[in-house]
Amino acid sequence: MGKTKHTGPIKLSKKPRPDLWVSKVPFGLGKIKPHHLRDTIKVAWENKDSLPYATRILTQGVCDGCALGVSGLKDQTLSGPHLCTTRLNVLRLNTMPAMKEDILRADIEELRKMDSTELRKLGRIPYPLIRKPGDRKFSRISWEEALNMIADKIKHIDPKQLAFYLTSRGITNETYYVAGKVARFLGTNNIDNASRICHSPSKTALNRSVGVGASTCNYKDWIGTDVLLFWGSVAANNQPVSTKYMYAAKRKGTKIIIINPHFEPAMEKYWIPSNMESALFGTKLADDIYQVNIGGDIAFMHGIMKHWFEMEEKEPGSAIDQTFVQKHVNGLEALQEKVVSYDWEILEKSSGLSKDRMKELATLLAQSKTAVFVWSMGLTQHRFGTDNVSQVANLALLRGFLGREHCGLMPIRGHSGVQGSGEMGADPFVLPGSDMNEENRKRVEKYWNFKIPDWQGDIVGVTLENALLPDDHERNLKLYYMSGGNFLETMPNPDFVKQCLENVDVRVHQDIIFNTSTLLDAKEAVIVLPAMTRYEQPGGGTSTSTERMVYFSPEIKGPRIEEARSEWEIYIDLAKRVKPEEKDIIHFEDADAIREEIALTNRNYDGIQHLKEKGDVFQWGGAWLCEGGDCPTPDGKGNLIPVEIPELRKPEGHFYVSTRRGKQFNSMIYGETDPFTDADRYDVLINEADGKKHDIKDGDAIVAYNKHGFFSGRAKFAPVKAGNIALHWPEGNSLLPESVYETYAGIPEYNAAAIVEKAETYYAHKDTKYVERRIEELEMEPS
Ligand code: SF4
């Protein structure tokens, strides 16, 4: 942890920098780019029935979009307004009225014809609902009936047959904390959150490499660092205001390097709406892009380190920060042995990049005094995600890019609540303050005054699979309680997920809106509970940004859904009904009382108890974790971790498949066409050379298939690394394997190999050739 405090926002110079312009033609006319003004007008129109409330949310609340973090319109990095179309697009979720009665009384098959985008637009869930097997529609029930029914079920099952899940959009630290506590109070450790399917490997890897599972630096460190690397991250698309920080960094001479299989246009150039110069002429962002194979990052990083070790042999001190390594780092020899054991041929084949290209980046980093590494799902959503991230930490540790200004490791988060979910203990491996180990369990028990179960809870993927266990199995999932989330769209293999969700006795959906998973059957009942948004919760709530800023979001005056309740209150009410004799020990008077307790149980969050007003914020851990190179590991040193190059399981003639985001916020889709690539949701991004090789033309109907599933779309030639294709997420999830999890962090595998064929060829041979290929694949692809 660091002693130095964040010094607050800095002012951006207004002096024009024509050398950074994309074009002298104003507003990027004639170019494929987002239309921010048009999007803003559209949002204003959507919110026309509640414009004053919408304005109050934007000016007083903490953004419930991504985890870049902003309170009102102000952030801690740059002075000046902070707003983006992602925030505007999610705004309607907070302002729309309740669903109409005729929708609630509609036949379930009619509702099932809608996709999640259409369901979202129906309005807020107005009151508790229930649907039992054979019911054609939902029926209204009272809170009393709903909670008693859930409590009664919990009383009659083994706590191992009960599980909780919390998504990230809008959920506050207070709700995560209470849910984590209530789960343990009810005897279960089966509680997980959305970070399992995004950044859980980042946390696991950073913990083992540097002793703390969070970003070690701030966005301000981007501005003026020598090199800013984005590894498998399209921050311009997913955290749009980050482009403003990139613009500020470029002005200070920072080099921006992108490592990604797809040359993402948004990371190359961007028109930043809140900056007049950039809005008019655009800003060139990326200085260079390394198009790595999907899954080839470990080999690429080995290549960089191999160059460094060769440079060191010729001239000691020319690549590795020997002073830093000797003082602050373990494991140099073992890492070096692993790195040099790989031939260049293997490194080039796996990464898809030449030895010379690897040398370019190795040299740039060796000559830089500072660097910040930012990464996202491109590194984490693999069955070797933790190794991917530890490999990034290896680079930073060898160069001493840690614990000081303009240096650090940053897993950039895409959901406003997700950073805090694990830190609050809504995680099977974590309790507030530390891991779920005996020492921490005993410590937290003293505050909570009840016994915390000591068995290992399940991650979300395994919890879902538990629904298919025999009925009498002690872990057969009988009640799944979910705060938001839609596994049909976020987990691999939707058909399998549907089977799991429908095999649960009782499913509870605590949410603000319907999605496709709310409409699935359950064996005994589906119960829907209307939740408040973060802006409606009495006493306000807090959320933690990527850079560990804990922001206070006040309760905001405005229209209310009459029966919606604060999420943390619902958990408490339920817990008291299950164990009325112990109700006093699970009671919280108000949101302030929760924050008081968080400050005690998680000492990093000491300070949260003082957050009371709009704009209140503090950063846990100080400006730089591992400040001065001192890591919070048992011996105070960072650990270099030798990692294996993964076997990529791509038989000859197959493509690597990965998914990307279009005009969407996480799984919420806001437009059919990606404003950066002009691709629609069913376009398959493929390299032109691959197209020629397979006799596929731009726009041809094609099919991508493997033993897991099948995706029918159109070829769109794009600058994707040859041998790889990119599909939109979640549509491409049908090609992904179920039940494949990363060893250390439990994230599902989100990549696969697939055959790509013209649709006419596929359908002509479907009955014969396809069957043969499937057998061939089954032999070549171990699962
Ligand atoms: S960049 Fe993220 S935090 Fe900032 S306004 Fe947009 S969605 Fe909200």
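Residues numbered from 1 in each chain as written. Predicted model: local features only at pLDDT ≥ 70, side-chain atom pairs only at ≥ 80, totals over all residues. Heavy atoms only, no water.

(A) The arrangement of the packing of aromatic side chains in detail. The tally for this structure, following the rule as stated, stands at 25 aromatic pairs. For the ring pair F164 and Y571, a centre distance of 6.0 Å and an interplane angle of 55° mean the geometry is tilted. Here Y571 lies in helix α26 (residues 567–578) and F164 lies in strand β3 (residues 162–166), a separation of 407 residues in the sequence. Classification of F164 as buried rests on a relative accessible area of 1%. Residue Y571 is classed as buried on the basis of its relative accessible area of 0%. Plain terms: the ring middles of Y177 and W448 are 6.1 Å apart, the flat faces sit at 80° to each other, and that makes the pair edge-to-face. (Phe/Tyr/Trp six-rings, centres within 6.5 Å; stacked < 30°, edge-to-face > 60°. Helix = DSSP H or I, 4+ residues; strand = E, 2+ residues; numbered from the N terminus. Buried < 20%, exposed > 50% of the residue type's maximum accessible area, 1.4 Å probe, protein only.)

(B) Seen up close, the environment of I561. Along the chain, I561 falls in the loop between β19 (549–553) and α26. For the pair I561 and N449, spaced 112 residues apart in sequence, the C-alpha separation works out to 35 Å. The residues contacting I561, other than those within four sequence positions of it, are M96, P97, A98, R124, I125 and P126. (Contact = heavy atoms within 4.5 Å.)

(C) Region of the structure containing the side chain of N189. Relative to the elements of secondary structure, N189 occurs in the loop between α8 (173–185) and β4 (191–193). Ignoring anything within four residues of it in the chain, the contact list for N189 reads R184, P428, M436, I452, P453, D454, W455, G457 and D458.

(D) Seen up close, a negative patch on the surface. Together, D343, E345, E348 and D356 make up a negatively charged patch on the protein surface. Mapped onto the elements, D356 comes out in helix α18 (residues 355–367). (Patch = residues over 30% accessible without salt bridge, like charges linked within 9 Å, V, L, I, M, F, W, Y side chains within 5 Å. Areas by Shrake-Rupley, 256 points an atom, 1.4 Å probe, with all protein chains shown as cover. Salt bridge = Lys/Arg side-chain N within 4 Å of Asp/Glu carboxyl O. Lys, Arg positive; Asp, Glu negative; His and termini not counted. Charge placed at Lys NZ, Arg CZ, Asp CG, Glu CD.)

(E) Representation of the side chain of N724. On the secondary structure map, N724 appears in strand β28 (residues 724–728). Looking at N724, its side chain comes within polar contact range of the main-chain oxygen of A722, at 3.1 Å. In contact with N724, other than residues within four places in its own chain, are N293, I294, F655, Y656, L685 and D690. (Polar contact = N/O pair within 3.5 Å; in protein donor to acceptor, adjacent residues only side chain to side chain.)

(F) Local environment of the sheet that holds strand β9 (residues 288–290). Pairing within the open sheet is parallel, and its 5 strands lie in the order β9-β6-β5-β11-β12. Of all the strands in the sheet, just β9 and β12 (408–411) have a single pairing partner and so form its edges. The sheet shows a mean angle of 20° between the axes of neighbouring strands, direction not considered. Against the sheet, helix α9 (residues 200–210) touches β11 (371–375) and β12, its axis set at about 160° to β12. Across the sheet, helix α14 (residues 297–314) touches β5 (227–231), β6 (255–259) and β9, and the angle it forms with β5 is around 150°. (Pairing = 2+ DSSP bridges. Axes fitted to C-alpha atoms, helices over the stretch in contact; angles between N-to-C directions.)

(G) Representation of the pairing of β6 within the structure. Most of β6 is tucked away: 4 of the 5 residues are buried. The sheet contact formed by β5 and β6 spans 5 bridges and is parallel. Bridge assignment links L229 to a residue of β6, and that residue is I257. The sheet contact formed by β6 and β9 spans 3 bridges and is parallel. From the neighbouring strand, I259 faces β9, where its bridge partner is Y290.

(H) Up close: the pattern of salt bridges. Following the criterion strictly, the structure yields 47 salt bridges and no others. E474 serves as the salt-bridge partner of K160, at 3.8 Å between the closest nitrogen and oxygen. One end of the pair, K160, is in the loop between α7 (143–155) and β3; the other, E474, is in the loop between α23 (460–466) and β15 (479–483), with 314 residues separating them in the sequence. Judged by its relative accessible area of 42%, E474 falls in the partly exposed class. Between D573 and R565 there is a salt bridge, with its nearest N and O atoms 3.0 Å apart. Residue D573 shares its accessibility class with R565, and that shared class is buried. Through salt bridges with shared partners, a single ionic network connects K153, D471, D505, K523 and E524.

(I) Representation of helix α3 (residues 85–95) in the model. Judged by how many residues are buried, α3 sits mostly within the fold: 11 of 11 residues are covered. Among the residues of α3, those classed as buried are T85, T86, R87, L88, N89, V90, L91, R92, L93, N94 and T95. Considering only its buried residues, α3 is in contact with α1 (36–46), α2 (51–60), α6 (116–120), α10 (235–238), β23 (664–665) and β24 (668–669).

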